[in-house]
Amino acid sequence: MSVQRRLLPNTGALAAFEAVARLGSFTAAAQELDLTQGAVSRQIKLLEDQFGRRLFERDSRNVRLSVAGEIYAEAVRSALGQLRDAALGLMSNRHSGILNLAILPTFGTRWLMPLIPNFVENNPDITINFVSRVGRFDFIRERLDAAIHYGLPDWPDADSTLLVRETVAPVASPEFLAGRAIATPADIGRLPLLHMATRPGAWTEWFEYEGLSAPTGPGMQFEQFGTAAQACMAGLGVALLPQVLIAGELQRGQLVPTPGRPMESRGAYYLVVPHDKRGHPPVASFRDWLLRQLDKEPAVLAW
């Protein structure tokens, strides 16, 4: 076998290897691929014979990747994902490609989505596929090209482009505040506080920012800012919310600031692109377009 041929294994064998590596089972891989277990085993043996390396460690009950298999599995996942994306692009007749983008649920719904029609109009040959993700994930395993992420610009093996800095302040509905003697930040500590599961220390940080001790009593907890904003408008308490996500409610008077200073959060919103996707044309087009939108609408970012 020539060196070139040896370095380009059969795609069927690669698919079998990726399925076993991901599922940890020859039986499960065979079911997913609609093959017999023996056929999957033969495909794995074909790869191992071709490379002269053991890809899995086997015993009577378990199968797990070898050290060499772990390294190879990451590369195979990425390669197969790119082949699938390329095939989908050809079948869809989208010559400029596909952008698989992870977004934060509330930020995506309230800030990004109203802008997307402009991107679609100006980039008709790019198809965006959206998925919601909170926190970090494996770009290769998830087969995603980019993500809009809240936090610090320290995602490993990726470039982070600053989009929006975040300012938070306590807000409540006018009805909730009516009849309550709320004159200073200290008064807020006696009210029901609404908490975000993703920002467990936010209220403590804000009270310390005001030179106060944070109250220790329990409060309602929410997973998404959109739900917390709805609860706040329903009069359930005071929420510490980012202005960029509740600009509409503030403009309509559905939410109003309570006493206390706005505070810049430690984190910010970033477009994160893994290093191996920096040259992907849809990613570059989306990043350039997004930065142009931010240049056009600086007022969106002010409290």
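Residues numbered from 1 in each chain as written. Predicted model: local features only at pLDDT ≥ 70, side-chain atom pairs only at ≥ 80, totals over all residues. Heavy atoms only, no water.

Colleague: Account for the layout of surface pockets, with residues named and values stated.
Modeller: Considered as a void within the structure, the largest pocket measures approximately 630 Å³ in volume. Lining the largest pocket are 31 residues, and of these Y150, T198, R199, F225 and Y269 lie nearest its centre. Tallying contributions element by element places strand β11 (residues 263-274) first for the lining of the largest pocket, with five residues. Residues belonging to the lining of the largest pocket are distributed by class as follows: 17 nonpolar, 10 polar and four charged. (1 Å grid on protein atoms, 1.4 Å probe; cavity = no way out; pocket = protein on both sides within 12 Å on 5 of 7 lines; lining within 4 Å. Points joined across faces, edges and corners; volume = space filled by probe spheres on them. Helix = DSSP H or I, 4+ residues; strand = E, 2+ residues; numbered from the N terminus. Nonpolar A, V, L, I, M, F, W, Y, C, P; charged D, E, K, R; others polar.)

Colleague: Help me get a handle on the packing of helix α2 (residues 11-23) against helix α3 (residues 26-33), residues and values and all.
Modeller: Where α2 contacts α3, the two axes come as close as 8 Å, and the packing angle between them is 130°. Here α3 runs oblique to α2, going by the angle between their axes. Considering the relative orientation of α2 and α3, their crossing is right-handed. Touching A15, A16, A19, V20, R22 and L23 of α2 are F26, A28, A29, E32 and L33, all from α3. (Axes fitted to C-alpha atoms, helices over the stretch in contact; angles between N-to-C directions. Parallel < 35°, antiparallel > 145°, perpendicular 65-115°, else oblique. Left-handed = near helix turned anticlockwise from the far one by under 90°. Contact = heavy atoms within 4.5 Å.)

Colleague: Tell me what's going on with the pairing of strand β9 (residues 238-242), and back it up with residues and numbers.
Modeller: Remark: a regular strand shows side chains that alternate across the two faces of the sheet. Within β9, five of the five residues are buried, which leaves it mostly tucked inside the rest of the structure. A two-sided burial pattern is seen for β9, the buried positions comprising V238, L240 and P242 on one face and A239 and L241 on the other. Pairing geometry for strand β6 (residues 158-172) and β9, over four bridges, is antiparallel. Residue pairing across strands places A169 opposite L241, the latter belonging to β9. Across two bridges, the pairing between strand β7 (residues 193-196) and β9 is parallel. Directly across from L193, in β9, lies its bridge partner V238. (Buried < 20%, exposed > 50% of the residue type's maximum accessible area, 1.4 Å probe, protein only. Pairing = 2+ DSSP bridges.)

Colleague: A description of the nonpolar core should follow, citing residues and the corresponding values.
Modeller: Nonpolar side chains in soluble globular proteins tend to be buried together. Among the nonpolar cores identified, the biggest contains 40 residues, and L101, W111, L112, L241 and F286 are the most heavily contacted of them. With near-sequence residues (within four places) excluded, L112 lies in contact with L101, I103, F107, F130, I148, F286, W289 and L290. Listed in part, the 20 residues of the second largest apolar core include V20, A29, V40 and A73. (Core = buried A, V, L, I, M, F, W, Y, C linked by side-chain atoms within 4.5 Å.)

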